[in-house]
Amino acid sequence: MRVLITEDNQQLAEFIQKAIMQDGHAADIALDAATMMTQLTMWQYDGVVLDLGLPDKDGLDVIKHLRANNNPIPILILTARGGIDDRIKGLDLGADDYLNKPFSVDELKARLRALMHRPVDYSGNDLTRGNVTVETKSRRVTVNTKNITMGKTEVAILEYLLKHATLTVSKESLFDAIYAMGFEVTDNAIQVAVHRIRKKLEGSDATTQITTIRGIGYILS
């Protein structure tokens, strides 16, 4: 998944970013509402962590604007405003969840996972196609319940492909979903990682494989 953290406290934003990236996901930072809106037009995000006390615009107004423009992106409010009225208003305006500061980073990550779009065969914390499963909480990959060792990037790519299992996924969309802005990687990083995943699946007798659609991208078959 790729998350946009909109938080004017840069130290806190970087702390959240680091925690999310340690789980193999991508996370970008916007320090104000204007930057957030710009980044939402430039990149495809799976969710937003939104502070209400932004320097240029109230977070509740940001939610209202997004929903008025039919933007369905999952929104997790993260704020020091603990009043019940603020929580109700945020949820009524279209936020999907609400977490007060101070907070547990593990709870934050769990709530974000719960907000992400699920495929048809999603059950609990598992993403499954054929005999291949990714446990989104533990980041464990199994084939017929046998553990398959994969790096964080490999797990993130396989998870993204499982979430979009009926679609052809472009190399560019994979790159955007896996890597945060400013993350320096080689041009063929996705291709190399997909090759490693494919070899590991083939060597484990997986019934689901990654097929390359030349000039377009990848699809699970």
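Cut-offs and rules
- Residues numbered from 1 in each chain as written.
- Predicted model: local features only at pLDDT ≥ 70, side-chain atom pairs only at ≥ 80, totals over all residues.
- Heavy atoms only, no water.
- Axes fitted to C-alpha atoms, helices over the stretch in contact; angles between N-to-C directions.
- Helix = DSSP H or I, 4+ residues; strand = E, 2+ residues; numbered from the N terminus.
- Parallel < 35°, antiparallel > 145°, perpendicular 65-115°, else oblique.
- Left-handed = near helix turned anticlockwise from the far one by under 90°.
- Contact = heavy atoms within 4.5 Å.
- Pairing = 2+ DSSP bridges.
- Core = buried A, V, L, I, M, F, W, Y, C linked by side-chain atoms within 4.5 Å.
- Buried < 20%, exposed > 50% of the residue type's maximum accessible area, 1.4 Å probe, protein only.
- Nonpolar A, V, L, I, M, F, W, Y, C, P; charged D, E, K, R; others polar.

This part is about the packing of helix α6 (residues 152–163) against helix α7 (residues 171–178). Orientation of α6 relative to α7, taken along the N-to-C sense of each, is 120°, at an axis distance of 10 Å. Between α6 and α7, the interaxial angle falls into the category oblique. Relative to α7, α6 is oriented so that their crossing is right-handed. Residues T153, A156, I157 and Y160 of α6 form the contact with α7, whose own contacting residues are S173, L174, A177 and I178.

Now for the sheet that holds strand β11 (residues 210–213). Hydrogen bonds along the backbone pair up the strands of a sheet, which may run parallel or antiparallel. Ordered in space as β10-β12-β11, the 3 strands form an open sheet in which the pairing is antiparallel. Whereas interior strands pair on both sides, the edge strands pair on one side only; in this sheet they are β10 (169–170) and β11. With 4 bridges connecting them, β11 and strand β12 (residues 217–220) associate as antiparallel partners. Among the inter-strand pairings, T212 is bridged to a residue of β12, identified as Y218. With respect to the sheet, α6 is in contact with β10, β11 and β12, its orientation differing from that of β12 by roughly 70°.

Right, let's talk about the nonpolar core for a bit. Counting 30 residues, the largest nonpolar core has M150, I157 and L158 as its most contacted members. Every element with two or more residues in this core is listed here: β7 (132–135), β8 (140–143), α6, α7, α8 (189–202) and β12. No other element matches α6, which puts 7 residues into this core. Leave out the neighbours within four places in its chain, and I157 touches L174, I178, I190, A193, V194 and I197. Counting 19 residues, the second-largest nonpolar core is a separate cluster that includes A30, V48, L52 and Y98.

Put simply, helix α1 (residues 10–22) and helix α5 (residues 105–115) touch, their axes get as near as 11 Å, and they point 65° apart. The handedness of the crossing between α1 and α5 is right-handed. Judged by residue contacts, F15, I16, A19 and I20 of α1 engage V105, L108, K109 and L112 from α5. Considered class by class, the residues forming the contact of α1 with α5 number 7 nonpolar, no polar and 1 charged.

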